[in-house]
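Summary of structural features
So the chains spell out like this:
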Amino acid sequence: QVQLVESGGGLVQAGGSLRLSCAASGRTFSTYAMGWFRQTPGKEREFVASITRSGDSTYYADSVKGRFTVSRDNARNTVYLQMNSLKPEDTAVYYCAADAYYRSYTSYRPSEYDYWGQGTQVTVSS
């Protein structure tokens with residue numbers, strides 16, 4: 001199994017940018033598709049973005065498409081979420097997650113991800 005450690009969250013003004021990082025332990029990072037999710041109090045955890053094992057394909061929620069970019073560096077066992085043009089509605093705890101199951105499609109369901117980071121708070125002020 002894999003352990004995930006997130007970093008990069010913080011406070012930013014609307015229109016600003018942040019880059020989240022998720023560092024994975026182990027030697028099998030490249031075998032996992034990776035996803036980013038976010039959650040606010042009283043709401044369900046929602047899909048934000050994902051990236052395939054090789055990094056050749058990415059997927060985004062409509063709410064962040066065109067503003068966020070997910071990438072990965074398998075040599076460094078790290079996945080990133082570059083967040084630009086941030087809005088107050090982006091405020092949430094952001095989680096990275098690993099999907100160990102080999103799929104021909106990305107998963108948007110939190111229940112289908114096997115490993116999770118601790119979460120990092122992103123707060124966007126107006």
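Please refer to the structure placed before this passage.
Residue positions are counted from 1 within each chain, in the order its sequence is given. Confidence filtering applies because this is a predicted model: local features only for residues at pLDDT of at least 70, side-chain atom pairs given and counted only at 80 or more, and all residues used for totals across whole chains, interfaces and linings. Heavy atoms from the whole structure form the basis of all side-chain values; hydrogens and water molecules are not counted.

Right, let's talk about the state of the cysteines for a bit. Pairs of cysteine sulfur atoms within 2.5 Å are what we label disulfides. Here the structure, examined in full by the defined rule, presents one disulfide. Covalently, Cys22 is tied to Cys96 through a disulfide, its sulfur atoms 1.9 Å apart. Taking the torsion about the sulfur-sulfur bond, which here is approximately 50°, the covalent link between Cys22 and Cys96 counts as right-handed. Remark: Cys96 occurs in strand E9 (residues 92–99) and Cys22 occurs in strand E3 (residues 18–24); sequence separation between them is 74 residues. Three labels apply to residues, based on accessible area from a 1.4 Å probe with only protein chains included: buried if under 20% of the type maximum, exposed if over 50%, partly exposed otherwise in between. Exposure remark for Cys96: the relative accessible area of 0% places this residue in the buried category. By the criteria applied, helices consist of DSSP H or I runs no shorter than four residues and strands consist of E runs no shorter than two, each listed in order from the N terminus.

This brings us to the side chain of Thr120. Along the polypeptide, Thr120 turns up in strand E11 (residues 120–125). Pairs of residues are marked as contacts when any of their non-hydrogen atoms sit within 4.5 Å. The contact partners of Thr120, leaving out residues within four places of it in the chain, are Glu6, Gly8, Gly9, Leu20, Ala92, Val93 and Tyr94.

Our next topic: the packing of aromatic side chains. Side-chain rings of Phe, Tyr and Trp (the six-membered ring for Trp) are treated as a pair once their centres are within 6.5 Å; stacked means planes under 30 degrees apart, edge-to-face means over 60, and tilted covers the remaining angles. Taken as a whole, this structure holds seven aromatic pairs when the rule is applied. With a centroid separation of 4.6 Å and 85° between ring planes, the pair formed by Phe47 and Tyr108 is classed as edge-to-face. Of this pair, Phe47 sits in strand E5 (residues 46–51) while Tyr108 sits in the loop between E9 and strand E10 (115–116); the two residues are 61 residues apart in sequence, bridging distant segments of the chain. Residue classification places Phe47 among the buried residues on the basis of a relative accessible area of 10%. Here the aromatic rings of Tyr95 and Trp116 are separated by 6.4 Å at their centres, their planes lie at 80°, and the arrangement is edge-to-face. Remark: Trp116 occurs in strand E10 and Tyr95 occurs in strand E9; sequence separation between them is 21 residues. Whether a charge sits over a ring depends on NZ of Lys or CZ of Arg being within 6 Å of the ring centre and within 35 degrees of the ring normal. We note Arg72 situated over the ring of Phe29; from NZ or CZ to the ring centre the distance is 4.4 Å.

A few words now on the pattern of salt bridges. For this document, the term salt bridge refers to a Lys or Arg side-chain nitrogen within 4 Å of an Asp or Glu carboxyl oxygen. Enumeration according to the criterion identifies seven salt bridges in this entry. Put simply, Asp90 and Arg67 hold a salt bridge, and the shortest N to O gap is 2.7 Å. Taken as a pair, Asp90 in the loop between strand E8 (78–83) and E9 and Arg67 in the loop between strand E6 (58–60) and strand E7 (68–73) lie far apart in primary sequence, 23 residues in all. By relative accessible area, Asp90 is classed as buried at 0%. Across the salt bridge formed by Glu112 and Arg103, the nearest N and O atoms sit 3.6 Å from each other. What emerges from the salt-bridge pattern is a single network uniting Arg38, Glu46, Arg67 and Asp90.

As summarised here, the arrangement of the four strands in space is E1-E3-E8-E7, forming an open sheet in which the pairing is antiparallel. In the strand order of this sheet, the two ends are held by strand E1 (4–7) and E7, each with one partner. Taking the axes of each pair of neighbouring strands and ignoring which way they run, one obtains an average angle of 15° across the sheet. DSSP calls a pair of strands paired once it identifies at least 2 bridges connecting them. Relative to E3, E1 runs antiparallel, the two sharing four bridges. Opposite Glu6, over in E3, you have Cys22 as the bridge partner. As a rule, the C-alpha atoms of each element are fitted with a line to give its axis, helices using only the stretch in contact, and angles between N-to-C directions run from 0 to 180 degrees.

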